[in-house]
Amino acid sequence: MNEVIRTQGAFISSLKRNNKQIRDDRAQTIVEDTELMYSRHIEDLKIEIKKMRREQDNMLDLSPTSADSLILASDFDSVAYINKDIELGIRIRNSEIKLEIAEARFKYLFQGE
């Protein structure tokens, strides 16, 4: 019976890798995945902050149907407006803190700064 000994190809190369090569490959995969997910998380935080700021700005629009209309004073709930405005402000500030920390950690972890 003729035996064929394979000396080329990805499969044999993978089997012949030493421990350092295996560790390097695994480390590279972990770093790439984590860096990508960290970067996406930072982008998500930026979008979240932008949406909350837009929501807060939109609260200033008291013309519900057209540019010429205005909410009646008797229909306006000042307390609810204040509570929502402050709550949005707190959520924005907390998200800004998270973003600041995430960006600093990203630089430290992946850019060596």
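What you see is a predicted model; the values in this text were computed from it and never measured.

### Brief notes about helix α2 (residues 19–58)
Here is step 1 of the chain: In a regular helix each residue adds 1.5 Å, so 40 residues correspond to 58 Å; α2 covers 58 Å between its end C-alpha atoms and thus fits that length.
Here is step 2 of the chain: Listed in full, the buried residues belonging to α2 are Ile42, Leu45, Ile49 and Met52.
Here is step 3 of the chain: In this fold, the buried residues of α2 make contact with α3 (78–110).

### Focus on a nonpolar patch on the surface
Here is step 1 of the chain: Side chains of Ile82, Ile86 and Ile90 sit close together on the surface and give an oily, nonpolar patch of about 260 Å² of accessible area.
Here is step 2 of the chain: Residue class for Ile86 comes out partly exposed when judged on its relative accessible area of 48%.

### Concerning the pattern of salt bridges
Here is step 1 of the chain: All told, the structure shown has 7 salt bridges when counted by the stated rule.
Here is step 2 of the chain: A salt bridge links Arg17 to Asp25; the nearest nitrogen and oxygen atoms lie 2.4 Å apart.
Here is step 3 of the chain: A relative accessible area of 28% means that Arg17 is categorised as partly exposed.
Here is step 4 of the chain: Judged by its relative accessible area of 38%, Asp25 falls in the partly exposed class.

What counts and what doesn't
The numbers attached to residues start from 1 for each chain and follow its sequence in the written order. Only residues with pLDDT of at least 70 get local features here, since the model is predicted, and only at 80 or more are side-chain atom pairs given and counted; chain-wide, interface and lining totals rely on the full set of residues. Based on all heavy atoms of the structure, the side-chain values leave hydrogens and waters out of the count. A run of H or I in DSSP becomes a helix once it reaches four residues, and a run of E becomes a strand once it reaches two; helices and strands are each numbered from the N terminus. Expected helix span is given by 1.5 Å per residue-to-residue step, counting one fewer step than there are residues. The cut-offs for exposure are 20% and 50% of the maximum accessible area for each residue type, with area from a 1.4 Å probe on protein chains only; residues under the lower value are buried, those over the upper are exposed, and the others partly exposed. A contact between two residues is defined here by any heavy atoms of the two lying within 4.5 Å. Each patch is assembled from residues with relative accessible area greater than 30% and no salt bridge, linking like charges that lie within 9 Å and nonpolar side chains (Val, Leu, Ile, Met, Phe, Trp, Tyr) that lie within 5 Å. Using a 1.4 Å probe, accessible areas were evaluated by the Shrake-Rupley method; residue-level cover was limited to the displayed protein chains. By definition here, a salt bridge exists when the distance from a side-chain nitrogen of Lys or Arg to a carboxyl oxygen of Asp or Glu is within 4 Å.

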